[in-house]
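Below, each chain spelled out in residue letters.
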Amino acid sequence: MLPFVLYFVTAVVTGFHVYTLLSLAVYGVPVNLLELLSLLGSFCLLIAAYVSLFRPHAAARLALLACLVMWSFYAPAIAKIVRTRWAMPAAVSQFMGATSKHSFLRPNRA
């Protein structure tokens, strides 16, 4: 019974999250293929919840596959968040050189 509850709640929560992201397409937001794959993974996890009542071993395999498909959407998003939170801003821009017109390293002699 525990696998059923775990699979069912996870499928509903992730499915609702991805469905709300896909509903923004009404306003012109482009649809990402990874969102559709994640929604398919949530649906497969919902099927695994039902199968877990009768064949727990087969449901576990299906749930693993469904979670891997769902993580194809969530893993890049988490990696992006971690990269932007740990990024150290540069003190001086790499594009600001001595040949720049507005350089702070040399006085302007125009």
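Within each chain, residue numbers correspond to sequence positions counted from 1 in written order. This being a predicted model, a pLDDT of at least 70 is required before a residue's local features are given, and a value of 80 or more before pairs of side-chain atoms are given or counted; all residues contribute to the totals for chains, interfaces and linings. Each side-chain value is worked out from all heavy atoms of the structure, with water and hydrogens disregarded.

**Q** So what about the environment of A48? Which residues, and what values?
**A** Under the scheme used here, helices are H or I runs from DSSP no shorter than 4 residues and strands are E runs no shorter than 2 residues, and both carry numbers assigned from the N terminus. As for its position among the elements, A48 is in helix α2 (residues 33–51). Relative accessibility under 20% of the residue-type maximum defines a buried residue, over 50% an exposed one, and the middle range a partly exposed one, all with a 1.4 Å probe and only protein chains included. A residue is classified by how much of its surface remains accessible, and A48, at 0% relative accessible area, is buried. With 13 residues separating them along the chain, A48 and R61 place their C-alpha atoms 8.5 Å apart. Two residues qualify as a contact provided that any one of their heavy atoms is within 4.5 Å of a heavy atom in the partner residue. Here A48 is in contact with Y7, A59, L62 and A63, once residues within four sequence places are set aside.

**Q** Tell me about the nonpolar core, residues and numbers included.
**A** Within the largest apolar cluster, nine residues are counted, these being Y7, A11, L45, A48, A49, A59, A63, A66 and M70. At the level of secondary structure, the elements contributing two or more residues to this core comprise α1 (2–23), α2 and α3 (56–86). No other element matches α3, which puts four residues into this core. In this structure, L45 is in contact with Y7, T10, A11, A63, A66, C67 and M70, ignoring residues within four places of it in sequence. By nonpolar core we mean a set of buried residues, namely Ala, Val, Leu, Ile, Met, Phe, Trp, Tyr and Cys, connected to one another through side-chain atoms within 4.5 Å.

**Q** Quick rundown of the packing of aromatic side chains? Include the residues and the values.
**A** Side-chain rings of Phe, Tyr and Trp (the six-membered ring for Trp) are treated as a pair once their centres are within 6.5 Å; stacked means planes under 30 degrees apart, edge-to-face means over 60, and tilted covers the remaining angles. For the structure on display, the rule yields four aromatic pairs. Between F4 and F8, the aromatic rings sit 5.8 Å apart at their centres with planes inclined by 15°, giving stacked as the arrangement. Of this pair, F4 and F8 both sit in helix α1, four residues apart, roughly one helical turn. F4 gets classed as partly exposed once you look at its relative accessible area, which sits at 23%. Seen in terms of ring centroids, Y50 and F54 are 5.4 Å apart; in terms of plane orientation they differ by 70°. Their pairing is edge-to-face. Exposure class is identical for Y50 and F54. Each is exposed. Here the aromatic residues W71, F73 and Y74 are joined through ring pairs into a cluster of three or more.

**Q** Give a description of α1 that names residues and reports values.
**A** With 22 residues, α1 should reach 32 Å at 1.5 Å per residue; the first-to-last C-alpha distance of 31 Å fits that figure. Every buried residue of α1 is listed here: Y7, A11, T14, G15, V18 and L22. Down the axis, α1 shows its buried residues gathered within 110° of arc, on one side only. For α1, the exposed residues set more than 90 degrees away from the buried face come down to L2, L6, V13 and F16. Of the surrounding elements, those touching the buried residues of α1 are α2 and α3. One fewer than the residue count of a helix, multiplied by 1.5 Å, yields its expected span. Each C-beta atom gives one direction from the helix axis, and the arc is the one those directions make.

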